[in-house]
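# Descriptive structure summary
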Amino acid sequence: MMDMNIYIFPSNPYRNNGYSIAVKSDLSRLTVNPEDLIVWYENTNETFFGNDVVLPRPSRFAISRAIKVLQNRVNCEVTARDLKKLNLEQADSIFCGEVIFYRALRELFPSKRIVVRFHNCFARILDRIQLIDKKLNLKFRIQLRAYYQLEKAIFQDDNVYKIFISEEDRDYYCSMFGKYSDSEVWGFMPDMKKSASNRIDSKKTKLIHFGGLQSHKIDSMKWFINDVFKPLHIKNPSVEFHLWGAGTDSFNFPEEGVFGHGFYKGNELPFVKDGLYVNPDLVGGGVKIKLMDYFEKGASFITTPYGYEGYPLEYIDDKFYHRIEPEQWLAFLDNYFA
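Residues numbered from 1 in each chain as written. Predicted model: local features only at pLDDT ≥ 70, side-chain atom pairs only at ≥ 80, totals over all residues. Heavy atoms only, no water.

### Comments concerning the pairing of strand S11 (residues 275-279)
- Burial runs high along S11: five of the five residues are buried.
- With burial as the criterion, each face of S11 is covered, one bearing Gly275, Tyr277 and Asn279 and the other bearing Leu276 and Val278.
- By the bridge criterion, three bridges tie strand S8 (residues 206-210) to S11 in an arrangement that is parallel. Across the sheet, the residue bridging to isoleucine 208 is tyrosine 277, located in S11.
- Across four bridges, S11 lies against strand S12 (residues 300-303) in parallel orientation. Bridged to tyrosine 277 within S12 is phenylalanine 301. (Buried < 20%, exposed > 50% of the residue type's maximum accessible area, 1.4 Å probe, protein only. Helix = DSSP H or I, 4+ residues; strand = E, 2+ residues; numbered from the N terminus. Pairing = 2+ DSSP bridges.)

Quick look at the structure:
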């Protein structure tokens, strides 16, 4: 196989999720040549460029995921054996589009410089929640420990160039490891002209959550429903809470005003006109790309400070966009819907 550049991504850029938005943004910054190889880590077989291949992503219930958890590894982490199936014999440069590919690439290319893209910084989350002594569900604790070990190995690799998704994540790395010249930030900025033209000044009557509920989001959602929405709903019975995304159907309690709809099949955001979107993030890390979608598609939202990391504070106008400390959410929403 002739020398080439290798680009391996956690998703293709044409799906409706945060990973795809980030991958599409990364591709716009990169120069991919016809002889280069692009790898999508996907559970579909779609290819797009003629020089791309699909590395199958195991199902949620695959035995290989359970084995990796027992090995204190991230359950979706790729192995060198997985990559050997693609005949990656040589490479001029390697772009590792997510940390889960790092160990496999380093095993195959022990002396190559690798560019690693961080879509989150779980080490920063773990250090922060230990500092504030926050309790988390067991699944998330296991996941955090596995990511912490993986990210620490990348941080200590002097032959890796690190690309972070927010200044907060990069600042953590630089301060913890004393390195400043081997990293940069590829962030996300919404088009505020689109925001100004699309937003609707109307009375909101519903609360909306849009996005999958992976393990690191479950505790935040339970907090919001139990400590914020339920007391709010008692005072304001007409206010409903609607959730769309993977895992949201497990939060379906119509008798309590909570409606978990599961995957959303539309192209536009639901209830943009009469819905206030919520981002009840209690752990932070990375960038909530869905906020960029909210800005540009005219959705009003409330977010915690942790959930707003990576965006300029001057965008918060306290009319359409609200950045509120968690302990103030109930009082704010009670007044908002009064």
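Let's pick the thread back up.
### So, the sheet that holds strand S2 (residues 37-42)
- Taken together, the seven strands give an open sheet; going across it, the order is S3-S2-S1-S4-S5-S6-S7, and neighbouring strands pair in parallel fashion. The two strands at the open ends of the sheet, each matched to only one other strand, are strand S3 (52-56) and strand S7 (183-185). Across this sheet, the average inter-strand angle for adjacent strands is 20°, counted without regard to direction.
- Helix H7 (residues 167-177) rests against strand S6 (160-164) and S7 of the sheet, and its axis sits at about 160° to S7. (Axes fitted to C-alpha atoms, helices over the stretch in contact; angles between N-to-C directions. Contact = heavy atoms within 4.5 Å.)

### Details of the pattern of salt bridges
- What the rule picks out here adds up to 17 salt bridges.
- Among the salt bridges present, the one from glutamate 77 reaches arginine 103, with a minimum N-O distance of 2.9 Å. Residue glutamate 77 is found in the loop between helix H2 (63-70) and helix H3 (80-84), and its partner arginine 103 is found in helix H4 (residues 102-108); the two are separated by 26 residues along the sequence.
- Notably, a salt bridge pairs aspartate 201 with lysine 319, separated by 3.2 Å at the nearest N-O pair. Note that aspartate 201 is positioned in the loop between helix H8 (192-198) and S8 and lysine 319 in the loop between S12 and strand S13 (321-323), a separation of 118 residues in sequence.
- Here the salt bridges do not stand alone but share partners, grouping Arg124, Arg128, Asp169 and Glu309 into one network. (Salt bridge = Lys/Arg side-chain N within 4 Å of Asp/Glu carboxyl O.)

### A word on unusual backbone geometry
- Phi is positive for asparagine 72, close to 60°, though the residue is something other than glycine.
- Checked against the element boundaries, asparagine 72 lands in the loop between H2 and H3.

### Brief notes about the packing of aromatic side chains
- Per the counting criterion, the structure on display carries 35 aromatic pairs.
- Note on tyrosine 277 and tyrosine 294: the rings are 4.8 Å apart at their centroids and 55° apart in plane angle, and the pair reads as tilted. With a gap of 17 residues between them, tyrosine 277 in strand S11 and tyrosine 294 in helix H10 (residues 289-296) connect regions that are remote in the sequence. Across the pair, tyrosine 294 and tyrosine 277 agree in class, each one buried.
- On the numbers, 6.2 Å between centres and 45° between planes, the contact of tyrosine 294 with phenylalanine 301 is tilted.
- Three or more aromatic residues link up through ring pairs in this structure, and these residues are Tyr277, Tyr294, Phe295, Phe301, Tyr308, Tyr311, Tyr315, Phe320 and Tyr321. (Phe/Tyr/Trp six-rings, centres within 6.5 Å; stacked < 30°, edge-to-face > 60°.)

### Points about the environment of aspartate 169
- Tracing the sequence through the fold places aspartate 169 in helix H7.
- The class of aspartate 169 is buried, set by a relative accessible area of 0%.
- Taking the C-alpha atoms as reference points, aspartate 169 and phenylalanine 122, separated by 47 residues in sequence, lie 9.3 Å from one another.

### Here we look at the side chain of glutamate 151
- Its place among the elements puts glutamate 151 in helix H6 (residues 138-155).
- For the buried residue glutamate 151, which engages in no salt bridge, the nearest side chain bearing the opposite charge is arginine 124, 8.7 Å off. (Lys, Arg positive; Asp, Glu negative; His and termini not counted.)

### Notes on the layout of surface pockets
- Each pocket or cavity is described by its volume, and for the second largest pocket that value is around 270 Å³.
- Ranked by the residues each element gives to the lining of the second largest pocket, the list is headed by helix H1 (residues 18-29), at four residues.
- Of the residues that constitute the lining of the second largest pocket, the class distribution is six nonpolar, three polar and two charged. (1 Å grid on protein atoms, 1.4 Å probe; cavity = no way out; pocket = protein on both sides within 12 Å on 5 of 7 lines; lining within 4 Å. Points joined across faces, edges and corners; volume = space filled by probe spheres on them. Nonpolar A, V, L, I, M, F, W, Y, C, P; charged D, E, K, R; others polar.)

### Points about empty space enclosed by the protein
- Summed over all chains, the structure comprises one cavity of 30 Å³ or more.
- Its volume calculated, the largest cavity comes out at about 120 Å³.
- The element contributing the most residues to the lining of the largest cavity is helix H9 (residues 215-235), with four residues.
- Partitioned by chemical class, the residues of the lining of the largest cavity number four nonpolar, four polar and four charged.

### What to know about the sheet that holds strand S10 (residues 258-260)
- Taken in spatial order, the six strands make up an open sheet running S10-S9-S8-S11-S12-S13, and their pairing is parallel. Strands at the two margins of the open sheet, each flanked by one partner only, are S10 and S13. Strand-to-strand, the axes of this sheet are offset by a mean angle of 20°, without reference to chain direction.
- Of the strand pairs in this sheet, S12 and S13 are connected by three bridges, and their pairing is parallel. Counterpart to threonine 303 in the pairing with S13 is arginine 323.

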